[in-house]
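# Secondary and tertiary structure notes
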Amino acid sequence: MTTSPDNSPEGDFAGLALRGELTATLRELGYEAPTPIQAEAIPHMLAGRDLLGQAATGTGKTAAFALPLLNRLPEGQRGRTPTALVLVPTRELCMQVSSALHRYGRAFDVRTLPIYGGQPIGRQISELKRGVDVVVATPGRALDHLRRGTLNLDDVATVVLDEADEMLDMGFAEDLEEILGEAPAQRQTVLFSATMPKRIQAIAGAHLNDPVRIEIAREVTTEGEEPRIRQAAYIVSRAHKVAALGRILDIESPTAALVFCRTRDEVDQLTETLNGRGYRAEGLHGGMDQPQRDRVMGRLRSGNAELLVATDVAARGLDVEHLSHVVNFDVPSAPESYVHRIGRVGRGGREGVAITIAEPREQRLLKTIERALKQKIQVAKIPTSTELRAKRLELTRAALYEVCLDDDLDAYRVVFDSLTDDFDVVQVGLAAIKLAHKNSMPEAEGEDIPQPEVSSRRDRPQGRTTKDRADRKPRRERGAPGGADGRAAGRPGPRRGSKGVERVFVSAGRDAGVRPQDLVGAIANETGLSGRDIGSIQVSDRFAIVEVPSGAAREVITALNRTRLKGNRVKARRDKF
């Protein structure tokens, strides 16, 4: 399918009154159709009007302002100072916008300069002295150049604030005010935002002159039609979130997925945990320097990593073409954050999946997001171990089907003929499938993950009666199943999620021969705790999680760090999950 700038569907740019060089370049690039935001915004920008535009990420906002900026460039010799300034929240978006301007404006030999933190400022100063037409900048670095006197805004005719709500969320409000104060009073100001909170409206009221307001409604799915972004939520207790995430990823089989966490510590912990479970995960957060960020993004874009675990701030502005899934490891506290997160997929007409893993107490936040988006988020059941095994067998079948289409199989005929002398052909085939399956797929987890009750606040009684409370027996009395370590459910000790309990991460698991009883023995022998004081123990291939009374956590960590498990030194620390 022929696409338009930012991968929009096929159509016609002829009616937008762009210069011939621009339309010719768009045709050469195979772009023919304006998206709704482009069709609405470009004529007003060409007329010099201030503009306040609201549209979701991935709808073509970049071309909506880039094409008019290029259209207004003077013909012939141009001066050294820029005529347009585009402010963006992140380095990644800065590079993307600069690249788009360069691509669309190649017929004009447009001089575009991205300026952002993490790049040597001396190189940027040299380029500014040489002469620039359009500056694309993050607010902090733009302000740095203004204070140094190396960025001159005297000739700027248009200022664009792209992803303005994200810039405010990142704390750039004062920087934006100072930058806009340095720009000429008689200018065109354009503001684009995926959401329109009161802070954005306040900036628009202060700095935009009688703006045209454009709002592109979110995609509405007709009955019976699949949405472009499939949204689903899984309700799971905090203790089982990581296991649930792994099972969901196995079932979904994403090409590449972006997993959102709230904090840097959670990013580091979850990345380590996922890698320990056999996934190729990379972490990304604000505590990393630019070379580290570049390496992480390089591995994701090259396919060497399949999961990117990131905070909201670090992931802003990211555009990975083969990204198929976004996962909220927690429910965002604000609908605006949810909009930005899921906007990483389903861009430019591509399909995507947005998954949210919610604790039972977070169901209220899900309802708030649904009301704000006016969309229903399907609450799905966590895949069972049976479903996971079936999925893995299907993947094995598909892989073998592809191999069967290969003509180059004769080299293996001698093995097949030798085996069929002793075994039935069907038996040989089944053995080959079993071997291929075990070599390519880890064994499915044996136990199903508990599914908490999905409740609605509207359906919940306003108060509980004495009988209600009496009927709520403790977990052990209800005969709840034991944990993944196979211990009896009735064993005394801290219950998961109860007050005064901390989880301790231990850097050794089944691969090192560690069993639950080894951990109980080590803790009981080296601390003042008895076996009855120790709660749930989860032993995975490469690590283990132990629940202990919070007052004893420091003692347990110190003891485990100075002892050996199965002859190996281990590292213990507080677990964040």
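### Concerning the packing of helix α20 (residues 516-526) against helix α21 (residues 553-562)
Two elements in contact, α20 and α21, have axes whose closest approach is 9 Å; the angle formed by their N-to-C orientations is 105°. Judged by the angle between their axes, α20 and α21 are roughly perpendicular. Between α20, through Ala522, Ile523 and Glu526, and α21, the contact on the second element is made entirely by Val556, Ala559, Leu560 and Arg562. Here the contact of α20 with α21 is built from residues that sort into five nonpolar, no polar and two charged.

### Some words on the pattern of salt bridges
Enumeration according to the criterion identifies 25 salt bridges in this entry. Across the pair Arg78 and Asp133 runs a salt bridge, and its minimum N-O distance is 3.0 Å. Here Arg78, found in the loop between α3 (61-71) and β2 (84-87), pairs with Asp133, found in the loop between α5 (121-130) and β4 (134-137); they are 55 residues apart in sequence, far enough to count as distant. A relative accessible area of 16% means that Arg78 is categorised as buried. Among the ionic pairs, Arg573 bridges to Glu272, the shortest N-O distance being 2.9 Å. Of this pair, Arg573 sits in strand β20 (residues 572-574) while Glu272 is found in helix α11 (residues 264-276), placing the two residues 301 residues apart along the sequence. Look at Arg573 and you get partly exposed, because its relative accessible area is 26%. Members of the salt-bridge network, linked through shared partners, are Arg238, Lys241, Glu266, Glu359 and Arg361.

### So, helix α15 (residues 363-373)
When α15 is considered as a whole, its buried residues turn out to be Gln363, Leu365, Leu366, Lys367, Ile369, Glu370 and Leu373. Turning to α15, the residues buried within the fold contact β8 (229-235), α14 (335-342) and β13 (352-358). Following α15 by one or two positions, Lys374 has its phi on the positive side, about 55°.

### Points about the nonpolar core
Grouped together as the largest cluster of nonpolar side chains are 40 residues, with contacts concentrated most on Phe65, Leu67, Val86, Tyr104 and Phe192. If you list the elements that add at least two residues to this core, you get α1 (20-28), α2 (36-46), α3, β2, α4 (91-104), β4, β6 (188-193) and β7 (212-215). For this core, the leading source of residues is α3, giving seven residues. In contact with Phe192, not counting residues within four places along its chain, are Ile37, Ala41, Leu51, Gly53, Lys61, Ala64, Phe65, Val160, Leu161, Asp162, Glu163 and Ala164. Counting 31 residues, the second-largest nonpolar core is a separate cluster that includes Val132, Val135, Ala164 and Met167.

### Concerning the sheet that holds strand β3 (residues 112-115)
Spatially, β3-β4-β2-β5-β6-β1-β7 is the arrangement adopted by the seven strands of the open sheet, whose pairing is parallel. Looking at the sheet topology across the chains shown, the edges are occupied by β3 and β7. Each neighbouring strand pair of the sheet contributes to a mean axis angle of 15°, computed without reference to strand direction. Relative to β4, β2 is paired through four bridges, and the arrangement is parallel.

Here is what the cut-offs are and how they apply
- Residues numbered from 1 in each chain as written.
- Predicted model: local features only at pLDDT ≥ 70, side-chain atom pairs only at ≥ 80, totals over all residues.
- Heavy atoms only, no water.
- Axes fitted to C-alpha atoms, helices over the stretch in contact; angles between N-to-C directions.
- Helix = DSSP H or I, 4+ residues; strand = E, 2+ residues; numbered from the N terminus.
- Parallel < 35°, antiparallel > 145°, perpendicular 65-115°, else oblique.
- Contact = heavy atoms within 4.5 Å.
- Nonpolar A, V, L, I, M, F, W, Y, C, P; charged D, E, K, R; others polar.
- Salt bridge = Lys/Arg side-chain N within 4 Å of Asp/Glu carboxyl O.
- Buried < 20%, exposed > 50% of the residue type's maximum accessible area, 1.4 Å probe, protein only.
- Core = buried A, V, L, I, M, F, W, Y, C linked by side-chain atoms within 4.5 Å.
- Pairing = 2+ DSSP bridges.

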